[in-house]
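Structural description and commentary
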Amino acid sequence: MSISRDDLVNWVKNSVEILHENSEYLTELDAAIGDGDHGINMDRGFKAVLAKLPDFEDKDIGTILKTVGMTLLSTVGGAGGPLYGTFYMRAGMAVAGKMELSLEDWTAALDEAVKGVVMRGKAELGDKTMVDALKPAVDALYKCIDEKKPLEESLQISADAAKKGMVDTIPLVARKGRASYLGERSAGHQDPGATSSYLLLKTAADTWHNG
Amino acid sequence: MKKLINKIDDVVPEQLDGMAKAYPDIIKVHFNPDFVYRADAPVKGKVALISGGGSGHEPMHGGLVGMGMLHAACPGAVFTSPTPDQMHEAARMVNAGAGVLFLVKNYTGDVMNFEMAAELAAAEGIDVQNILIDDDVAVKDSLYTAGRRGVGTTVLAEKIVGAASEAGYSLKQMADLARKVNVNGRSMGMAITSCTVPAAGKPTFDLPDDEMEIGIGIHGEPGQKRMKMKTADEITEMMALSIIEDPPYSRTVREWDKDKAEWVDVELTDPPFKAGDQVIAFVNSMGGTPVSELFTVYRKLADICDKKGLKIVRNLIGPYITSLEMQGMSITLLKVDDEMLKFWDAPVKTPGLRWGV
C-alpha cells in the first residue's frame, strides 16, 4: 500500500479545509500566549495554496510539496511562514521526483521536514513549539517501520503521538517565540504551533485512511 | 475603532502609495512584493542597506529610506513580519554588486523571514550579511526566551550604517559597524495607553486610566511590570537607570557566513556604560505622546546622564519608532566613538530624517 499523488493532493486540499475550520481556535490559542494571528495567517496561506494548486497538482510529489512550501513562505508571514514553508520544502526535497510514497518515503519526508523546522527555529523538544508535536510523530513512524506495521495503522499511530505531544505542551513554559517573553505565564496554555502541526498530521491519517 | 483608513486590507498599500506620491524625489514603492526603495537605486559601487519589519512603526522603516540611510525597506502587515520574497526582490533591486546588508530587529518572525531571504539572495550569488538589533533591556534573559527585542537602537543603526555605505564601506566593514552599534545601544519603552491594530479592531491590551506598563515592546508586548502612573521625572529616572545600570548582556546570534555559505553562531556581549562615556540620547514617542512631553523627559534624562558622568554629545527627540497611536515613550542611549559620531553627523535625506543637505 502506498500514498499516490492524488492522495497527496487530497491531503493538501483537506488541510485547507481543516485549517479554515480551526482558524478561530488557533487564533484564540495564539492570543493567550502569542500575538493572536496564527489561525488567520495559516488560513490565508493555505487558501493561497488552494488557489495555486491547479498550476502544479499534475507534477511529481516532491515538486508539489516544494511549491506548497514556497507559497506558504510568501503568504503566511510571522514565524509560521518560514517554519511551515521550510517544513513542506524540506519534505519535498526528500521525495523529489516520486509519484507515490511508501511508509519509508513518508517517514523520510517528515523526518527531513522536522529537521528543517528545528534548524530554522532553533527549537528543541520541550520548548513549547510545533516540534513538540512533530518530533514524536516522526519517532512513532520509525518505530512502526521497525515493527513492520501497515501504512494506515502507522499514520494513525503517528497522528496519535502528535496529539499527545500537543497536549503535553500545556504545562510547559515557552522558551522560543513571542510566548517566551511571558515566562511562567505561558504555562497552562496549549501551543498553537503544535496544534496546527497535529491538525495537519491528523488530516494526513484521515485522508489516507483508505489509501 | 476610529482611524483614518479605508478598507482594512488596503491600509498598508495605500499608506505606501501615499508616501511614494509625497516623496517622489527620494523614494519609489514596488508592489507585489511590497518594498520601498531609494529613487536612485542601485547606488553605484555602494553596499546596499536593507531593513524591514511589520508596519505600524512609521517613519521606521519606509520613511528612513533615502540618501545616507536605508536603500530599501520591506513592510509587512501591521505588526507582522514581512515575507522572504519581499527582502529577496528588494535585494535584487538595490544591489549594485557590492553586496547587501540586512539589518534585522530581533523578533522570531523577522529573524526567520530575513534568514530565508538571505539564503535566497546568497543562492543567486548576491553577497549578503545579516546583523541583528537586540537592545531592549526590559528583556533580561537570553537563555530561556527569544532574547532581547530590537527597538530604538535600530533607528540609530540605520543612520550610522547608512552613512558608512555612502562613505564607501565594504559589506564586512558595514556589518562590523552595525554589530558595534548594536552592542553599544540600550533601550527601554513604556506605555500609558494601548494601540489598536486595524485588522484586530480593538485595543491590543487593557490598561486602566491610572496605570502604566513599563518595559513594553513596540507591538504592545507585555513589559516588565505594570504599576500606578507616576510623574514624568519618576518614570524617566526609573527607565534611565535601568538602561545605564544594565549589566553586561551576553547572547548567541546567528549570522550568515558568506565564505562558508552557512549560518554561524556569534557570541556577543554588551559592554556596560561607565562614567566618561559619550552617548547619543534618543527620546522617542510611541506615536500618541506629543513631542512637547518628550522634552520633559529629555530634561530629566539629561540631568541623570550628567550625574552619572555620561556626556550626551547628540540627541534625537521625536516619533521615529512608533506603535501606531500608543501613548508612551522609549529612551535609547548609544555609547559612541569617533567613527559612529562621524557617520551620525553625515548628511541624510529621507522622508523621516533629514540634515546636512
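Heads up: these notes are all about the structure in this document. Every chain begins its residue count from 1, and numbering advances along the sequence as written. For this description, chains carry letters from A and ligands carry numbers from 1, given in the order in which they are written. Totals for whole chains, interfaces and linings use every residue, but because this is a predicted model, local features are given only for residues with pLDDT of at least 70 and side-chain atom pairs only at 80 or more, for both listing and counting. As a convention, hydrogens and water are excluded, and side-chain values are obtained from all of the structure's heavy atoms.

**Some words on the overall build of chain B**
Strands here are runs of E lasting at least two residues and helices are runs of H or I lasting at least four, both read from the DSSP assignment and numbered beginning at the N terminus. Helix and strand content of chain B: 8 helices and 16 strands. All radius of gyration figures rest on C-alpha atoms, and the globule criterion is 2.2 Å times the number of residues raised to 0.38. A compact globule built from 357 residues should have a C-alpha radius of gyration of about 21 Å, and chain B, at 19 Å, falls within 12% of that. Reported as C-alpha extents along the three principal axes, the dimensions of chain B are approximately 55 × 50 × 45 Å. Partly exposed residues are those whose accessible area sits between 20% and 50% of the maximum for their type, while under 20% is buried and over 50% is exposed, using a 1.4 Å probe and protein chains only. By the burial criterion, 60% of the 357 residues in chain B qualify as buried.

**A word on the interface of chain B and chain A**
Note on definitions: a residue-residue contact is assigned when non-hydrogen atoms from the two residues lie within 4.5 Å. Contact residues are listed per partner, giving 28 residues for chain B and 23 residues for chain A. Here chain B and chain A share an interface that buries about 2000 Å² over both sides, 57% of which is from carbon and sulfur atoms. Considering only the surface of chain B that becomes buried against chain A, Met112(B), Met116(B) and Arg254(B) emerge as the three largest contributors, covering 28% of it. In what follows, salt bridge is the name for a side-chain nitrogen of Lys or Arg lying within 4 Å of a carboxyl oxygen of Asp or Glu. Here chain B is connected to chain A by 2 salt bridges. Accessible area that two parts lose when put together, evaluated with a 1.4 Å probe and summed over both, is termed the buried area.

**As for the nonpolar core**
By size, the foremost hydrophobic cluster in this structure holds 62 residues, and its most contacted members are Leu101(B), Val155(B), Ile160(B), Met174(B), Leu177(B), Leu316(B) and Leu334(B). Counting residues per element, this core draws most heavily on helix 4 (residues 153-166) of chain B, which supplies 7 residues. Two domains each provide a minimum of three residues to this core, namely domain 1 (11-184 + 250-269) and domain 2 (187-244 + 274-335) of chain B. Setting aside chain neighbours within four positions, we find Leu334(B) in contact with Leu156(B), Ile160(B), Val181(B), Asn184(B), Gly185(B), Gln278(B), Val279(B), Ile280(B) and Met340(B). Among buried residues, the Ala, Val, Leu, Ile, Met, Phe, Trp, Tyr and Cys ones that are joined through side-chain atoms within 4.5 Å form a nonpolar core. In terms of nonpolar packing, the next biggest core, distinct from the first, is built from 55 residues, Ile3(A), Val9(A), Ala123(A) and Leu141(A) among them. What fixes the domain bounds is an automatic or database domain assignment.

**Brief notes about the pattern of salt bridges**
Residue and element names in this part refer to chain B. Counted according to the given criterion, the structure contains 44 salt bridges over all chains. When the shortest N-O distance is used, the salt bridge between Asp 25 and Lys 349 registers 3.6 Å. With a gap of 324 residues between them, Asp 25 in the loop between helix 1 (11-22) and strand 1 (27-30) and Lys 349 in strand 15 (residues 348-349) connect regions that are remote in the sequence. Taking relative accessible area as the criterion, Asp 25 reaches 52% and is therefore assigned exposed. We classify Lys 349 as partly exposed; its relative accessible area is 30%. For the salt bridge of Lys 228 with Asp 210, the shortest nitrogen-to-oxygen distance reads 2.8 Å. Taken as a pair, Lys 228 in strand 9 (residues 225-228) and Asp 210 in the loop between strand 7 (185-191) and strand 8 (211-214) lie far apart in primary sequence, 18 residues in all. Bridged by salt links that share partners, the residues Asp 134, Arg 148, Arg 186, Asp 246, Arg 251 and Asp 270 form one connected network.

**Structural notes on the pairing of strand 8 of chain B**
Residues and elements named next belong to chain B. Of the two faces of strand 8, both are covered, the one formed by Glu 211 and Glu 213 as well as the one formed by Met 212 and Ile 214. A pair of strands is labelled paired if DSSP reports no fewer than 2 bridges between them. Relative to strand 8, strand 7 is paired through 2 bridges, and the arrangement is antiparallel. Among the inter-strand pairings, Ala 191 is bridged to a residue of strand 8, identified as Glu 213. Note that strand 8 and strand 9 share 4 bridges and pair antiparallel. Paired with Glu 211 across the strands is Lys 228, a residue of strand 9.

**Some points on the side chain of Asn182(B)**
All names here are of chain B. Tracing the chain through its elements places Asn 182 in helix 5 (residues 171-184). For Asn 182, a relative accessible area of 1% translates into the label buried. Throughout this description, a polar contact denotes any pair of N or O atoms lying within 3.5 Å of each other; where both atoms belong to protein, one of them has to be capable of donating a hydrogen while the other can accept it, and for residues adjacent in sequence the pair is counted only when both atoms sit in side chains. A distance of 2.8 Å separates the side chain of Asn 182 from the side chain of Asp 134, its partner in a polar contact.

**Observations concerning the sheet that holds strand 7 of chain B**
Residue and element names in this part refer to chain B. With mixed pairing, 6 strands are arranged side by side in an open sheet as 9-8-7-14-12-13. Each of the sheet's edge strands pairs with one partner strand only, and the pair in question is strand 9 and strand 13 (311-318). Taking each pair of neighbouring strands and ignoring which way they run, the sheet shows an average axis angle of 20°. Of the strands in this sheet, strand 7 and strand 14 (328-335) are in contact with helix 5, which crosses strand 7 at around 55°. Every axis corresponds to a line fitted to the C-alpha atoms, with the helix fit spanning only the stretch in contact, and the corresponding angles, defined between N-to-C directions, vary from 0 to 180 degrees.

**Here we look at the packing of helix 2 (residues 84-94) of chain B against helix 3 (residues 108-123) of chain B**
Residues and elements named next belong to chain B. It is at 8 Å that the axes of helix 2 and helix 3 come closest, and there the two elements cross at 45°. Taken together, the axes of helix 2 and helix 3 lie oblique to each other. The interaxial crossing formed by helix 2 with helix 3 has right-handed handedness. Contacts between helix 2 and helix 3 involve Pro 84, Met 87 and His 88 on the former and, on the latter, Asn 113, Phe 114, Met 116, Ala 117, Leu 120 and Ala 121. Classification used: nonpolar for Ala, Val, Leu, Ile, Met, Phe, Trp, Tyr, Cys and Pro, charged for Asp, Glu, Lys and Arg, polar for all others including Gly. Counted by class, the contact of helix 2 with helix 3 contains 7 nonpolar, 2 polar and no charged residues. For classification purposes, angles smaller than 35 degrees are called roughly parallel, those larger than 145 roughly antiparallel, those between 65 and 115 roughly perpendicular, and all remaining angles oblique. By definition, any crossing whose near helix is turned counterclockwise from its far helix by less than a right angle is left-handed, and any crossing with a clockwise turn is right-handed.

**Remarks on helix 8 (residues 338-345) of chain B**
All names here are of chain B. Turning to helix 8, its buried residues are Met 340, Leu 341, Phe 343 and Trp 344. End-on view of helix 8: buried residues confined to an arc of 165°, all on one side of the axis. Opposite the buried face of helix 8, by more than 90 degrees, sit the exposed residues Asp 338 and Lys 342. Where helix 8 is buried, its residues meet helix 4, helix 5, strand 12 (278-285), strand 13, strand 14 and strand 16 (354-355). The backbone nitrogen of Glu 339 lies 3.3 Å from a side-chain oxygen of the residue at the head of helix 8, namely Asp 337. The arc refers to the directions leading from the helix axis to the C-beta atoms.

Everything listed is a geometric property; what it means functionally is a separate question.
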